[in-house]
Amino acid sequence: MRQRILARAIVDVEESPTPIKLGRFRVEVFGDEPHDYVRVYTVRAKSDTLAAQEGLRLFVEEIELLLSEKA
């Protein structure tokens, strides 16, 4: 069974998006125990919401890889 990975994200705008250009966001992701890691990603996206989703997706992918290497 796949283990659930819970996390929260804080997004800072480094460069605002425009109608013709993606924005650049700093996404800091905090995992909840037992995956209490912190990761920071720079993400290009149309909005801060999409940047947060991408940061969380990257975090889950990274933690799943880490767990598979430990198993």
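A quick note: this is a predicted structure, and the numbers were derived from the prediction, not measured.

Chemist: Please clarify how the environment of Pro19 should be interpreted in this entry.
Modeler: Mapping Pro19 onto the fold places it in the loop between β1 (7–15) and β2 (23–31). Along the sequence, Pro19 and Lys46 sit 27 residues apart, while their C-alpha atoms lie 8.5 Å from each other.

Chemist: I keep staring at the pairing of strand β3 (residues 38–45) and nothing clicks. Help me out?
Modeler: One face of the sheet, then the other: side chains in a regular strand alternate in exactly this way. Here β2 runs beside β3; their pairing, made up of eight bridges, is antiparallel. Within β3, the position partnered with Arg26 by the bridge is Thr42. Hairpin remark: β2 followed by β3, antiparallel, with six residues in the connecting loop.

Chemist: For this particular structure, what's the right way to read the nonpolar core?
Modeler: The nonpolar side chains of soluble globular proteins are, as a tendency, buried together. Membership of the largest hydrophobic core is limited to 10 residues, which are Ile5, Phe25, Val27, Val29, Tyr41, Val43, Ala45, Ala51, Phe59 and Ile63. Elements represented by at least two residues in this core include exactly β2, β3 and α1 (48–70). In this structure, Ile63 is in contact with Ile5, His35 and Tyr37, ignoring residues within four places of it in sequence.

Chemist: It is not clear to me how the side chain of His35 should be interpreted in this structure. Could you clarify?
Modeler: As for its position among the elements, His35 is in the loop between β2 and β3. Excluding its chain neighbours within four sequence positions, the residues that come into contact with His35 are Gln3, Arg4, Ile5, Phe59, Ile63 and Leu67.

Chemist: Is there a simple way to think about the sheet that holds β1 in this case?
Modeler: Within a sheet, neighbouring strands are paired by backbone hydrogen bonds and run either parallel or antiparallel to one another. Across the sheet, which stays open at both edges, the three strands sit in the order β1-β2-β3 with antiparallel pairing between neighbours. Each end of this open sheet is capped by a strand with a single partner; those strands are β1 and β3. Neighbouring strand axes in the sheet, compared pairwise and without regard to direction, differ in orientation by 25° on average. In the packing of α1 onto the sheet, contacts are made with β1, β2 and β3, and the angle to β3 comes to roughly 135°.

Procedures and definitions
- Residues numbered from 1 in each chain as written.
- Predicted model: local features only at pLDDT ≥ 70, side-chain atom pairs only at ≥ 80, totals over all residues.
- Heavy atoms only, no water.
- Helix = DSSP H or I, 4+ residues; strand = E, 2+ residues; numbered from the N terminus.
- Pairing = 2+ DSSP bridges.
- Core = buried A, V, L, I, M, F, W, Y, C linked by side-chain atoms within 4.5 Å.
- Buried < 20%, exposed > 50% of the residue type's maximum accessible area, 1.4 Å probe, protein only.
- Contact = heavy atoms within 4.5 Å.
- Axes fitted to C-alpha atoms, helices over the stretch in contact; angles between N-to-C directions.

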